[in-house]
Amino acid sequence: MKREMSVAGSFYPDDRLEIQKYFEHFNNIYDKNHNHKNIKTKAVIVPHAGYIYSGYSANIAYRILQDSEIKTLVVIGPSHRVAFNGVSLCNFQSYKTPFGDIEAADTLVKKLQDKFQLNCFKEAHAEHSTEVQFPFIKYYMPKVKIIELVYSQIEPKEISILIDFILSQKDCGVIISTDLSHFYNQKEARELDTLCLESIKNLDISMLHSGCEACGIIGVEAIMLSAKRLFLNPKLLDYRTSGDASGDNSRVVGYMSAYF
């Protein structure tokens, strides 16, 4: 069973050369403004909008992640289309991208299924929050194997337990997918998003719930809980809104990236 592309051509180009142009553009800017060297991380937070809006923020995280010698990545994102209880894990053999297929991490799939009895809600996996990460992964880490976890109605502590287990496995890492506030003006969005950024920076879960409107707030809280237990230090990488790309500041969406 192959995980087919569901948002290629909308959230990101369906042509590998067109995606590569995005990545080259992002990297030209990155190389002039950043010097993130010798950073080893196994956990990042990235956005999941169209590449024209949030791709640069995500790209910074993947530039760092590619140096971490990770062999397996678990991509965790919220379900936007299908409501269900828990976390969905399906037995995909591979994940299709314009750069070629990504092999599934079969061994870790079995471990997760055996230990946590996760169900498969296949319809939930036509999900952009996770899929937009796949071309980044294939481009920057072509030999990495992956698993896609999509969650809906669940307590953050339950996902945090999954994260702890994943990070305890050899050469395994975690990608947490979220956007921030939606459809406020630029000033209002920045005020709300600052609560998200500061809460992550300080691992302050009470602040996270004082106004942060991240669509993937469950996953964000989960990685914060794990970071507290595992003594991981959060580092913010980038923040922007869709208005920074479109020039329309009247109704924006916020994006950020971070690593632990």
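Report on the accompanying structure.

What counts, and where the lines are drawn
Every chain's residues receive numbers from 1 upward, in the order its sequence appears when written. Residues qualify for local features only when their pLDDT is at least 70, as the model is predicted, and side-chain atom pairs are given and counted only at 80 or more; totals for whole chains, interfaces and linings, by contrast, use all residues. The basis for the side-chain values is all heavy atoms of the structure; hydrogens and waters are excluded. The secondary structure listing takes helices from DSSP runs of H or I that are at least 4 residues long and strands from runs of E that are at least 2 residues long, numbered from the N terminus. When checking whether two residues touch, look at their non-hydrogen atoms; a contact exists if any pair is within 4.5 Å. A 1.4 Å probe rolled over the protein chains alone gives each residue an accessible area, and that area as a share of the maximum for its type sets the label: buried under 20%, exposed over 50%, partly exposed in between. Between any two strands, pairing holds if DSSP finds at least two bridges. In the sections that follow, a salt bridge refers to a side-chain nitrogen of Lys or Arg positioned within 4 Å of a carboxyl oxygen of Asp or Glu. Cysteine sulfur atoms that come within 2.5 Å of each other are treated as a disulfide pair. How far a helix is expected to stretch is found by multiplying one less than its residue total by 1.5 Å. For this quantity, the arc is that covered by the directions from the helix axis to the C-beta atoms. Polar contact is the term for a pair of N or O atoms within 3.5 Å; when the atoms are in protein, one must be able to donate a hydrogen and the other to accept it, and sequence-neighboring residues count only if both atoms are side-chain atoms. Method remark: on a 1 Å grid restricted to protein atoms, a set of points is classed as a cavity if a 1.4 Å probe fits but cannot get out and as a pocket if it is open with protein on both sides within 12 Å along at least five of seven lines; lining residues have an atom within 4 Å of a point. Grid points are joined across faces, edges and corners, and a volume is the space filled by probe spheres set on the points. When residues are sorted by character, Ala, Val, Leu, Ile, Met, Phe, Trp, Tyr, Cys and Pro go into the nonpolar class, Asp, Glu, Lys and Arg into the charged class, and all the rest, Gly among them, into the polar class. Residues grouped as a nonpolar core are buried Ala, Val, Leu, Ile, Met, Phe, Trp, Tyr and Cys residues, joined through side-chain atoms within 4.5 Å. Each axis is a line fitted through C-alpha atoms, and for a helix only the stretch in contact is used; angles between axes span 0 to 180 degrees, taken between their N-to-C directions. For classification purposes, angles smaller than 35 degrees are called roughly parallel, those larger than 145 roughly antiparallel, those between 65 and 115 roughly perpendicular, and all remaining angles oblique. Handedness of a crossing follows from how the near helix is turned relative to the far one, being left-handed for an anticlockwise turn of less than a right angle and right-handed for a clockwise one.

On to the environment of E4. You can see E4 is positioned in the loop between β1 (2-3) and α1 (16-33). When the C-alpha atoms of E4 and F92 are compared, they prove to be 9.6 Å apart, with 88 residues separating the residues in sequence. Contacts of E4, omitting those with residues within four sequence positions, involve K96 and E131.

What follows is about the pairing of strand β8 (residues 172-177). Most of β8 is tucked away, with 6 of its 6 residues classed as buried. Side chains C172, V174 and I176 of β8 all project onto a buried face; the interleaved residues G173, I175 and S177 project onto the opposite face, where all are buried too. Taken together, the 5 bridges between strand β3 (residues 72-78) and β8 define a ladder with parallel strand orientation. Residue pairing across strands places V75 opposite I175, the latter belonging to β8.

Right, let's get into the pattern of salt bridges. Pairs can form between side chains of opposite charge once their charged atoms are near each other. Enumeration according to the criterion identifies 15 salt bridges in this entry. A salt bridge links K110 to D114, with the shortest nitrogen-to-oxygen separation between them at 2.8 Å. Of this pair, K110 and D114 both sit in helix α3 (residues 106-116), separated by 4 residues, roughly a single helical turn. It is possible to trace a salt-bridge network through shared partners that takes in R3, E131 and E148.

As a further point, take the state of the cysteines. One pass over the structure, following the stated rule, counts 2 disulfides. Here C196 connects covalently by a disulfide to C212, the sulfurs 2.1 Å from one another. Taking the torsion about the sulfur-sulfur bond, which here is approximately 105°, the covalent link between C196 and C212 counts as right-handed. Here C196 is found in helix α7 (residues 186-202), whereas its partner C212 is found in the loop between α8 (205-208) and α9 (217-230), with 16 residues between them in sequence. Taking the relative accessible area as the measure of exposure, C196 reaches 1% and is therefore buried. Disulfide partners in the protein, listed by the sequence order of the bonded cysteines, are 1-2, 3-4.

Moving on: α1. For the α-helix, the turn length of 3.6 residues means that residues three or four positions removed from each other point alike. Between its first and last C-alpha atoms α1 spans 26 Å; for 18 residues at 1.5 Å apiece the expected length is 26 Å, and the two agree. Regarding α1, the residues found buried are I19, F23, F26, N27 and Y30. Take α1 and look down its axis: the buried residues cluster within an arc of 105°, on one side only. Residues of α1 that are exposed and point over 90 degrees away from its buried face: K21 and K32. Packed against the buried residues of α1 are α2 (51-65) and α5 (134-140). N-capping of α1 is provided by D15, with a side-chain oxygen placed 3.0 Å from the backbone N of L17.

Attention shifts here to empty space enclosed by the protein. Counted according to the given criterion, the structure contains 1 cavity of 30 Å³ or more. Of the volumes computed, that of the largest cavity is approximately 30 Å³. Every residue lining the largest cavity is listed: P47, A49, Y51, S54, G55, A58, V132, Q133 and F136. Per element, the largest residue contribution to the lining of the largest cavity is 4 residues, and it comes from α2. Grouping the constituent residues of the lining of the largest cavity by class yields 6 nonpolar, 3 polar and no charged.

Further remarks concern the nonpolar core. With 44 residues, the main nonpolar core has I76, L112, I147, L149 and I163 as its most contacted residues. With sequence-adjacent residues up to four places away left out, I147 is seen in contact with L73, V74, V75, L89, Y95, A105, L108, V109 and L112. Core analysis: the next-biggest nonpolar cluster, separate from the first, contains 37 residues, V7, V44, I70 and V132 among them.

One way to put it is that helix α6 (residues 156-168) packs onto α9 with a least axis distance of 8 Å and a crossing angle of 55°. Between α6 and α9, the crossing angle belongs to the class labelled oblique. Considering the relative orientation of α6 and α9, their crossing is right-handed. Contacts between α6 and α9 involve P156, K157, I159, S160, I161, I163, D164 and L167 from the former and I218, E221, A222, I223, L225, S226, R229 and L230 from the latter. Taken together, the residues of the contact of α6 with α9 sort by class into 10 nonpolar, 2 polar and 4 charged.

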